[in-house]
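# Report on the structure
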Amino acid sequence: MDKWLRNTNVVRVIAIIIGILLWAVVRMEGSTVTNTGSSGIKELPISNVEITAKYDSDQYYISSIEPSRVQVVLKGKDSTLKKVSTSNYKVILDLTKSSGKGEYVLPLEAVGFPSSLEVEIVPRNVKVVVEEMVKKEVPVKINVKGTPESGYKPGDPIAKPNKVHVTVPAGKEGEVYSVQGDISVEKADSAVSKQVKLKVYNKEGNELNYSVSPAVVDVDVPVTSPFKTVPLQIQLTGTPPAGYSIGSVKQNPDKIMVYGPQNILDNMEFYSAGPIKIDGLTATKEFSLDIPLQKGVTQVEPSKVQVTVEIVPSTKKDFPDIALTVVGQAEGTDVKFSSPAEGSITLTLEGAAPQIAALKPEDVQAIVDISNLPPGTHEVPITLNLPSYIKDGGTSVTKATVVITASGNSKEPAKPAPTPTPTPSPSVPPAPAEPGTASPPVEKKEP
């Protein structure tokens, strides 16, 4: 045996055999876990481990950590190493005890590893740069997406709250251009209410990874059929008895919102309600009326109107030399009055004292309608067209006698006296004299 051991070649062969056996053992144990001794303690290196920073994210922002990832070397029994799970451990950088913004070199801490393992972090310390955060108040913009049911329109969205705070690094406030969220009204036929998540965008429309407080807001979107705001026209029928007149008619509201198909709204200039009967009314009276739905209208807001009709003692006044206005004269005819021969009459008009005092002759009309009458002598009624709240107070001449003759050639009808704007019938609303004033009944005098 001694001879063999002194033989260099034998020693070399034995060394080779031992080397081969050691290589085989290493291959069997694996490349990541190494045997560190006969005691069974092994070593497990874990590379590319992310660093988790603990800090006040509302106050500070970490601009850099160098290095950003580290290696963790574990030492312990093989059975314990095999139980290590990446979901259980962390490498922590604790900044909670730092004094604020600045540059620091701080140690790392291993958390979540079995206590029976020896843990080494490589490198143990990292360089971190901490910057201050600031809050920027930004209005909330809600984008309404989708199309409601046919005939409906979405209104302006309402976000609660309508302003939020975006936390950004100091000096980068200018990057924040808008805070937006999306809400869908697809196929909606009533108001839509949802919680909407907000996102931060720059001026180019790119999303920014900054925190928003609150990150979710409540949003309401009204969804209604098309509507239009129009004057509300109150119709009055009848007249107060002799000795009384309408002093004023006031209503609340004087305008309403009308909902319905767009083609109906496009042709609507006013909305009628009533009628209110004032025959025999001798004192001021208040009326509460339901506003009816006209054909094609789906809704009106408000649905009621309050009307106050003021009745006052009336006064009378004569207006002489009111020229008779001829309407309906056919071409190629001449018209002359045989009675009254002068073609004018005296009107006796009645109304509230202030209105009678302000009345002028050009504000009234005495009309003779000869439409479809053949040549000859005809007795026709005189119709009065009077301003609001003015009525006939007992005009004595109520008929006119006209003589219609053929002129033998086309001729323009005789020019009547200047005519004021007539007061239309109750079915056609006149322009209101003042807001909140309803239309009066039309005064017409017939025999």
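Residues numbered from 1 in each chain as written. Predicted model: local features only at pLDDT ≥ 70, side-chain atom pairs only at ≥ 80, totals over all residues. Heavy atoms only, no water.

The name that an unreviewed UniProt entry assigns to the protein chain is YbbR-like domain-containing protein YbbR, with the source organism given as Paenibacillus lutrae.

### Details of the environment of Gly-181
On the secondary structure map, Gly-181 appears in strand S13 (residues 178-184). When neighbours within four sequence positions are excluded, Gly-181 is seen to be in contact with Lys-141, Ile-142, Asn-143, Val-196, Lys-197 and Leu-198. (Helix = DSSP H or I, 4+ residues; strand = E, 2+ residues; numbered from the N terminus. Contact = heavy atoms within 4.5 Å.)

### A look at unusual backbone geometry
Of the consecutive residues Ser-213 and Pro-214, the connecting peptide bond is found in the cis state with omega at -5°. The residue after Glu-301, namely Pro-302, is reached through a cis peptide bond having omega -5°. The residue Pro-302 is located in the loop between strand S25 (299-301) and strand S26 (304-327) in this model. Phi is positive for Asp-321, close to 55°, though the residue is something other than glycine.

### Re the nonpolar core
Residues Val-258, Tyr-271, Val-307 and Val-309 are the most contacted members of the largest nonpolar core, which totals 25 residues. Breaking this core down by element, the ones donating at least two residues are strand S20 (227-237), strand S21 (244-252), strand S22 (255-259), strand S23 (271-277), strand S24 (285-290) and S26. In contact with Val-309, other than residues within four places in its own chain, are Ile-246, Ser-248, Val-249, Ile-278, Leu-281, Ala-283, Thr-284, Lys-285 and Phe-287. (Core = buried A, V, L, I, M, F, W, Y, C linked by side-chain atoms within 4.5 Å. Buried < 20%, exposed > 50% of the residue type's maximum accessible area, 1.4 Å probe, protein only.)

### A closer look at the packing of aromatic side chains
Inspection of the entire model under this criterion finds two aromatic pairs. The interplanar angle of 20° and the centroid separation of 4.5 Å between the aromatic rings of Tyr-89 and Phe-113 together place this pair among those described as stacked. Taken together, the residues span a long stretch of sequence, with Tyr-89 in the loop between helix H3 (78-81) and strand S5 (90-94) and Phe-113 in the loop between strand S7 (109-111) and strand S8 (118-122) at a distance of 24 residues. Since its relative accessible area comes to 11%, Tyr-89 is described here as buried. (Phe/Tyr/Trp six-rings, centres within 6.5 Å; stacked < 30°, edge-to-face > 60°.)

### Description of the confidence of the model for the protein chain
In this model, the protein chain carries a mean pLDDT of 84, and residues with pLDDT of at least 70 account for 84%. Predicted confidence for residues 25-38 stays below pLDDT 50, and this span has 16 contacts to residues more than four positions away or in other chains. Low pLDDT, under 50, characterises residues 409-447; the predicted model gives this stretch 81 contacts beyond four residues in sequence or across chains. (pLDDT = per-residue confidence, 0-100.)

### Let's talk about the pattern of salt bridges
Overall, the coordinates contain seven salt bridges when judged by the stated rule. For the salt bridge of Lys-75 with Glu-43, the shortest nitrogen-to-oxygen distance reads 3.8 Å. Residue Lys-75 is found in strand S4 (residues 69-77), and its partner Glu-43 is found in strand S2 (residues 41-54); the two are separated by 32 residues along the sequence. With a relative accessible area of 28%, Lys-75 lands in the partly exposed category. For Lys-127, the salt bridge goes to Glu-103, with nearest N and O atoms at 3.4 Å. Of this pair, Lys-127 sits in strand S9 (residues 125-145) while Glu-103 is found in strand S6 (residues 102-107), placing the two residues 24 residues apart along the sequence. (Salt bridge = Lys/Arg side-chain N within 4 Å of Asp/Glu carboxyl O.)

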